Amino acid sequence: MRYLVRARVKPGCEGDLRRAIADQTLGEGSVAEGEYLRNMNEARLCADQTVRWVEVCYCPTPLQEERPYWEEYFELVKVQDAHDRRKCRDENGSEPWACGDCDCTALLEEKLKRTGLVFLDSLPRE
């Protein structure tokens, strides 16, 4: 399943988050390790100061595996389905693991690219 994640960086965690991304240690130890870096490269900072990205997650509970890794740096404000679950080939069982290569959220991802600012550009440089 794909989720639209809205989050705010926890105060004082900006530098640590920047280093974890630069060192490629963000999500280290998680089964979804590489997904974290992809998410941050695509993330957008919106006018309401939330960071938004579309995340692929195969857990029975949204972000069950990823939540502790994200919550080290972010307050998760809202996690919602990025598209209709009934049309998700992984969710309905017609094609397990389909979300990895699916373009079901292409329109949403394109819309996000035109929204706000590139999140990585907003993090402080060391």
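Keep in mind that what you see is a predicted model, and the values were worked out from it rather than measured. (Residues numbered from 1 in each chain as written. Predicted model: local features only at pLDDT ≥ 70, side-chain atom pairs only at ≥ 80, totals over all residues. Heavy atoms only, no water.)

A few words on the environment of Thr25. Relative to the assigned elements, Thr25 resides in the loop between helix H1 (14–22) and helix H2 (33–42). Looking at Thr25, the relative accessible area reads 32%, which means it is partly exposed. Distance in space between the C-alpha atoms of Thr25 and Tyr36 is 9.3 Å, their sequence separation being 11 residues. (Helix = DSSP H or I, 4+ residues; strand = E, 2+ residues; numbered from the N terminus. Buried < 20%, exposed > 50% of the residue type's maximum accessible area, 1.4 Å probe, protein only.)

Within the secondary structure layout, Glu33 lies in helix H2. Owing to a relative accessible area of 34%, Glu33 belongs among the partly exposed residues under this scheme. Discounting residues that sit within four places of it in the chain, Glu33 has contacts with Leu26, Gly27 and Glu28. For Glu33, the side chain forms a polar contact with the main-chain nitrogen of Gly29, separated by 3.2 Å. (Contact = heavy atoms within 4.5 Å. Polar contact = N/O pair within 3.5 Å; in protein donor to acceptor, adjacent residues only side chain to side chain.)

Turning next to the nonpolar core. One finds Leu17, Leu26, Met40, Trp53, Phe74 and Phe119 to be the most contacted residues of the largest nonpolar core, which totals 29 residues. Elements supplying a minimum of two residues to this core: strand E1 (2–9), H1, H2, strand E3 (51–56), strand E4 (74–81) and helix H5 (119–122). With four residues, E1 is the single largest residue contributor to this core. Among all residues touching Phe74, those that are not within four sequence positions of it are Ala7, Arg8, Val9, Lys10, Leu17, Met40, Val51, Trp53 and Phe119. (Core = buried A, V, L, I, M, F, W, Y, C linked by side-chain atoms within 4.5 Å.)

Here we come to the sheet that holds E4. Where strands meet in a sheet, backbone hydrogen bonds hold them as pairs that are either parallel or antiparallel. Ordered by their spatial adjacency, five strands build an open sheet running E4-E1-E3-E2-E5, and the pairing between neighbours is antiparallel. Looking along the sheet, the strands with just one partner apiece sit at the ends: E4 and strand E5 (117–118). Bridge count for E1 against E3 is six bridges, and the pairing is antiparallel. In the strand pairing of E3, Arg6 is matched with Arg52. Along the sheet face, H2 touches strand E2 (44–45), E3 and E4 and points at about 140° away from the line of E3. (Pairing = 2+ DSSP bridges. Axes fitted to C-alpha atoms, helices over the stretch in contact; angles between N-to-C directions.)

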